[in-house]
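Fold and geometry: a report
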Protein chains: 2
Amino acid sequence: MQPTSVRPKVIIVGGGFAGIAAAKGLAGAPVDVLLIDRLNHSLFQPLLYQVATSALGPSHIAQPIRHILRRAKNVSVHWDEVTGIDRSARRIHTLSGQQLPFDFLVIATGATHSYFGRDDWAKHAPGLKSIEDAFVLRGRILGAFERAEMQPIGPERDAQLEFVIVGAGPTGVELAGALAELARHSLARDFRSVSSHCAKIKLVEAGPRILPNFNEKLAKAAHRSLEQLGVDILTGSRVTEIEAGRVRLGDREVASETVIWAAGVKASPAARWLDVEPDQVGRVPVDKHLRIAEDQRIFVIGDTAAHRPEGSERPLPGVAPVAKQMGSHVAKVIKATVLGRPDPAPFRYRQWGNLATIGRNKAIADFGRVRFSGFPAWAIWSLVHVALLSGTLSRASVVLSWVWSYLTWERGARIILSAAEPAQEKETNA
Amino acid sequence: MQPTSVRPKVIIVGGGFAGIAAAKGLAGAPVDVLLIDRLNHSLFQPLLYQVATSALGPSHIAQPIRHILRRAKNVSVHWDEVTGIDRSARRIHTLSGQQLPFDFLVIATGATHSYFGRDDWAKHAPGLKSIEDAFVLRGRILGAFERAEMQPIGPERDAQLEFVIVGAGPTGVELAGALAELARHSLARDFRSVSSHCAKIKLVEAGPRILPNFNEKLAKAAHRSLEQLGVDILTGSRVTEIEAGRVRLGDREVASETVIWAAGVKASPAARWLDVEPDQVGRVPVDKHLRIAEDQRIFVIGDTAAHRPEGSERPLPGVAPVAKQMGSHVAKVIKATVLGRPDPAPFRYRQWGNLATIGRNKAIADFGRVRFSGFPAWAIWSLVHVALLSGTLSRASVVLSWVWSYLTWERGARIILSAAEPAQEKETNA
């Protein structure tokens, strides 16, 4: 971003799947790209639940953004945070005090947890979006077993070993399966008073079935697999209150020291920055080229965007493949504009398949015409996720950890990170 | 720890090298052992500097204590914190509110940083004792480069790229070498405005030479190796003041945003708990069997103990091999007492060798009669440290990371963990 440059300036805000795909797509193009993120790393969110359940460490699934983009010499990376966007002056303002001009702006700031207006639940039921979130969950999960080990048999100990996961989308299902395997197999040998069947795991879903975005037959297979692992699935159950140590589901109350939120997300505050009207979950409506109606050179992509494909009633879901394809598309549109070429064909999401894993040898795969579950789906899930990871070392390390866990039933990353007092009840133990 | 048990109760406080060795030594003995630690994991401290400099992740060098001791069925582990010891009632008090009786007590609570009475320096110059410390240092080191990337050339940017390490013992030397390689090789390609020679690293030592505990010729070899890496070594320099952004060395002032403390340690508060007179760095004097003079069934081992071998003027240093051997010895003494056998021979430290690494292919090795430096020492250092790690998965993962770094000059764990604002000056960024 040299001030003397006459090349168009593209600012990308956010280094997740969408922002990275946009930056990669613009590598070598006659533009100066600046990617800004408030983290120094890009996260492979589909495997974050494995950090929370001690199967993987943070560096397995997180890579420095500037490292991912090191070969794109026209791309700079700033570790900074956007505080506002001045659309008319075409500048963004950042926490470090900079005002950065842009010709094209790409917003890819993702989503965060939504507690449906009950933000006070957040401290009792943390969600899973960042490495720090994963460490908090890991500390709560492992800490619950540690505290139970010291307690006499009784209701307090039972509440330590009662885990409630709210929301049965892919994250909730994968967490429930991983937690069940952790409790049943990986921890049992190491404890003296806590045994493998002490832990109770409840998966709570307001809707009529788990995995609503999957084919019904596959979701049933996943349901059976979870039950085999000992997970208690409560569909049609709406959480009405969460307090320290208890969850209320209508007229039923569950005493639980570890409640995990996997129920709702809302988009980042991009709509407010851009001064446009968001949809009901905070997403910014975008046109066929993922631009906002107010400005043809401002794009919103990934979980922050509400893009409704032609003929569809619902916007595309906030998943990694959508985000990646949106990033690539925006790069094509910007290149075409800069080079004076006609716009590419409108954005169209190509869905290759839909995968979710429940546990060892248990997964479901939906490739449209072909649907299957069990070991073949699990093998494909494993291969696909390793292949999608960024970096050879990460791939090799994840394979090593998974093979080890598969052979030994152990989890390699059972470290509780906390400077706080271990034995006391804590609201936060990150 | 069943209340009906008539077997003698041994409480070990601390799960570092010393405490783990004591617990392992008591595995299968006719005693009930309870090991208490305020962390759930045991740390391989000799490689902690590699976590701080992004070469390794936390789970490479930390293992759950209860996992290490899973096969010792007479050993229980509590994640709890000792708040006091009642010597006459033979009970310890813990943060979780428990009062635990003991027949034998082993204190192995280690050491912490000492700022020689200037605890206000701690927030400007963090030290390196825990995983959390390593994350703080990593965040400061990587964050300094990130901030420099955004700043114009000038004194503020220079201060970001000025690193000062206080203390040239093994930790300071290993940190300086790793930091130099990180700056010179691993980061350079990923930045646009920061280049490989921008960073300045100063190693400050009050004494006349680096590595005072090593043979002088070897220390000179290490000195040369560090200088080859571009480290500026200031011996005979005493730090007289540390403030935000600056360090004073007598009448010289260095503007540095990243100061790292590797200068002094003091023992944990065991002496206060036991109501005995500590030595000048807080260690508890112990006899030939590592017992306190006041009670033949209370032992203090590891960095917390001041054990002066017969004929020596100085107590044994606070290093891992001493701690391990002390732990094994105490287990032997307790077993002999319980079984009514005569005491073993008094504790005698057997030093096998002394190793320190400076960087790629650069290390020093002192085996008494044989001393050497360079690649052979580095190869031995690497093999020994892999062999000493706990757990097959950790060993394989560390080998994988090291081989990868050796071949590519890259560091696999460059994740800044921080919930705080990235671009602002921060006092703490853990």
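Residues numbered from 1 in each chain as written. Chains lettered and ligands numbered in written order. Predicted model: local features only at pLDDT ≥ 70, side-chain atom pairs only at ≥ 80, totals over all residues.

Comments concerning the overall build of chain A
- Looking only at helices and strands, chain A has twelve helices and 25 strands in total.
- Since a compact globule built from 430 residues should have a radius of gyration of about 22 Å, the 22 Å found for chain A is in line with a globular shape.
- Taking the principal axes of the C-alpha coordinates as reference, chain A spans close to 70 × 50 × 45 Å.
- Burial status across chain A gives 54% buried among its 430 residues.
- A fraction of 65% describes how many contacts in chain A between residues 6 or more apart in sequence connect residues 24 or more apart. (Helix = DSSP H or I, 4+ residues; strand = E, 2+ residues; numbered from the N terminus. Rg over C-alpha atoms; globule rule 2.2 N^0.38 Å. Buried ≥ 20, exposed ≤ 12 C-beta atoms within 10 Å, placed from the backbone. Contact = placed C-beta atoms within 7 Å.)

Points about the interface of chain A and chain B
- Between chain A and chain B, the residue contacts involve 45 residues of the former and 45 residues of the latter.
- Those elements giving two or more residues to the side of chain A that touches chain B turn out to be helix H3 (58-61), strand E4 (62-64), helix H4 (65-68), strand E5 (75-79), helix H5 (131-150) and helix H12 (392-408) of chain A.
- Residue contributions to the side of chain A that touches chain B peak at six residues, all from H12(A).
- Residues that form the side of chain A that touches chain B fall into these classes: 20 nonpolar, 13 polar and twelve charged. (Nonpolar A, V, L, I, M, F, W, Y, C, P; charged D, E, K, R; others polar.)

Examining the sheet that holds strand E24 (residues 362-366) of chain B
Residue and element names in this part refer to chain B.
- Ordered in space as E23-E24-E25, the three strands form an open sheet in which the pairing is antiparallel. Every interior strand has two partners, whereas the edge strands, strand E23 (354-359) and strand E25 (371-373), have only one. Neighbour-to-neighbour, the strand axes of this sheet turn through a mean angle of 5°, independent of strand direction.
- Sheet analysis places E23 next to E24, joined by five bridges and oriented antiparallel. From the neighbouring strand, Ala 356 faces E24, where its bridge partner is Ile 364.
- Here helix H7 (residues 170-186) sits on the sheet and contacts E23 and E24; the angle it forms with E23, its principal contact strand, is near 25°.
- In the packing of helix H11 (residues 375-388) onto the sheet, the strands contacted are E23, E24 and E25, and the crossing angle to E24 comes to about 80°. (Pairing = 2+ DSSP bridges. Axes fitted to C-alpha atoms, helices over the stretch in contact; angles between N-to-C directions.)

Here we look at the environment of Leu175(B)
Residue and element names in this part refer to chain B.
- In this structure, Leu 175 sits in helix H7.
- C-alpha of Leu 175 to C-alpha of Leu 203: the two residues are 28 residues apart in sequence and 9.4 Å apart in space.
- Leaving out residues up to four positions away in the same chain, Leu 175 has contacts with Tyr 49, Ala 52, Thr 53, Ile 165, Ile 260 and Ala 262.

A short note on the relation of the copies chain A and chain B
- Placing chain A over chain B gives an RMSD of 0.0 Å and needs a rotation angle of 180°, together with 0.0 Å of translation along the axis. In short, the pair behaves as if placed about a two-fold rotation axis.
- Taken together, the interface assignments show that 100% of the residues at the interface of chain A recur at the interface of chain B, consistent with an identical surface on both copies. (Least-squares fit on C-alpha atoms with pLDDT ≥ 70 in both.)

A few points about the packing of helix H1 (residues 17-26) of chain B against helix H10 (residues 320-338) of chain B
Residues and elements named next belong to chain B.
- As a packed pair, H1 and H10 sit with axes 7 Å apart at the nearest point and diverge in direction by 35°. The element H1 and its partner H10 pack so that their crossing is right-handed. For the pair formed by H1 and H10, the contact residues are Phe 17, Ala 18, Gly 19, Ile 20, Ala 21, Ala 22, Gly 25 and Leu 26 on the first element and Ala 320, Ala 323, Lys 324, Met 326, Gly 327, Ser 328, Val 330, Ala 331, Lys 332, Ile 334 and Lys 335 on the second.
- A class-by-class count of the residues in the contact of H1 with H10 yields twelve nonpolar, four polar and three charged. (Left-handed = near helix turned anticlockwise from the far one by under 90°.)

A word on the confidence of the model for chain A
Residues and elements named next belong to chain A.
- Model confidence for chain A is summarised by a mean pLDDT of 93, while 96% of its residues fall at 70 or above.
- In the model, residues 419-430 has pLDDT below 50 throughout and makes 28 contacts with residues more than four positions away in sequence or in other chains.
- Both scores are given for the predicted complex: the pTM is 0.93, the ipTM 0.91. (pLDDT = per-residue confidence, 0-100.)

What to know about the nonpolar core
- Ranked by size, the top nonpolar core spans 160 residues in total, and within it Val166(A), Ala222(A), Val166(B) and Ala222(B) carry the most contacts.
- Aside from chain neighbours lying at most four places away, what touches Val166(B) is Ala125(B), Val204(B), Val239(B), Val259(B), Ile260(B), Trp261(B), Ala262(B) and Ala263(B). (Core = buried A, V, L, I, M, F, W, Y, C linked by C-beta atoms within 7 Å.)

Thoughts on the sheet that holds strand E15 (residues 246-249) of chain B
All names here are of chain B.
- The strand order across the open sheet formed by three strands is E14-E15-E16, and the pairing between neighbours is antiparallel. Each having just a single partner strand, strand E14 (239-243) and strand E16 (252-255) make up the two edges of the open sheet. Adjacent strand axes in the sheet meet at a mean angle of 15°, parallel and antiparallel pairs treated alike.

Considerations on the packing of H12(A) against helix H12 (residues 392-408) of chain B
- Running from N to C, H12(A) and H12(B) cross one another at 165°; their axes reach a closest spacing of 11 Å. With respect to each other, H12(A) and H12(B) are oriented roughly antiparallel. Handedness of the H12(A)/H12(B) crossing: right-handed. Residues Leu393(A), Ala396(A), Ser397(A), Leu400(A), Ser401(A) and Trp404(A) of H12(A) pack against Leu393(B), Ala396(B), Ser397(B), Leu400(B), Ser401(B) and Trp404(B) of H12(B). (Parallel < 35°, antiparallel > 145°, perpendicular 65-115°, else oblique.)

Considerations on the pairing of strand E17 (residues 258-261) of chain A
All names here are of chain A.
- Going residue by residue along E17, you find Thr 258 and Ile 260 tucked away on one face and Val 259 and Trp 261 tucked away on the opposite face as well.
- Across four bridges, the pairing between strand E11 (residues 162-166) and E17 is parallel. Following the sheet pairing, Phe 163 is matched in E17 by Thr 258.

Some thoughts on unusual backbone geometry
- Unusually for a residue other than glycine, Leu290(A) sits at a positive phi of about 65°.
- In this structure, Asn361(A) is a non-glycine residue whose phi angle is positive, near 65°.

Digging into helix H10 (residues 320-338) of chain A
Residue and element names in this part refer to chain A.
- A rise of 1.5 Å per residue sets the reference length of H10, with its 19 residues, at 27 Å; its end C-alpha atoms lie 27 Å apart and thus fit the reference within 8%.
- Where the residues of H10 are buried, they touch strand E1 (9-13), helix H1 (17-25), strand E9 (104-107), strand E21 (295-300) and strand E22 (305-306).
- Looking one or two residues past H10, Gly 340 carries a phi angle of roughly 70°, positive in sign. (Expected span 1.5 Å × (residues − 1).)

Observations concerning the environment of Ala270(B)
Residues and elements named next belong to chain B.
- Mapped onto the elements, Ala 270 comes out in helix H9 (residues 270-274).
- Residue classification places Ala 270 among the buried positions, given that 26 C-beta atoms sit within 10 Å.
- Through-space distance from the C-alpha of Ala 270 to that of Val 284 is 7.3 Å; in sequence the pair is 14 residues apart.
- Leaving out residues up to four positions away in the same chain, Ala 270 has contacts with Ile 107, Thr 109, Val 284, Val 300 and Thr 304.

Some words on H11(B)
All names here are of chain B.
- With 14 residues, H11 extends 20 Å from end C-alpha to end C-alpha; this agrees with the ideal 20 Å at 1.5 Å per step.
- Taken together, the buried positions of H11 are Ala 377, Trp 378 and Trp 381. Projected onto a plane normal to the axis of H11, the buried residues spread over an arc of 100° and lie on a single side. Exposed residues lying more than 90 degrees from the buried face of H11 are Phe 375, Pro 376, Leu 383 and Ala 387.
- Lining the buried residues of H11 we find E23, E24 and E25. (Arc of directions from axis to C-beta.)

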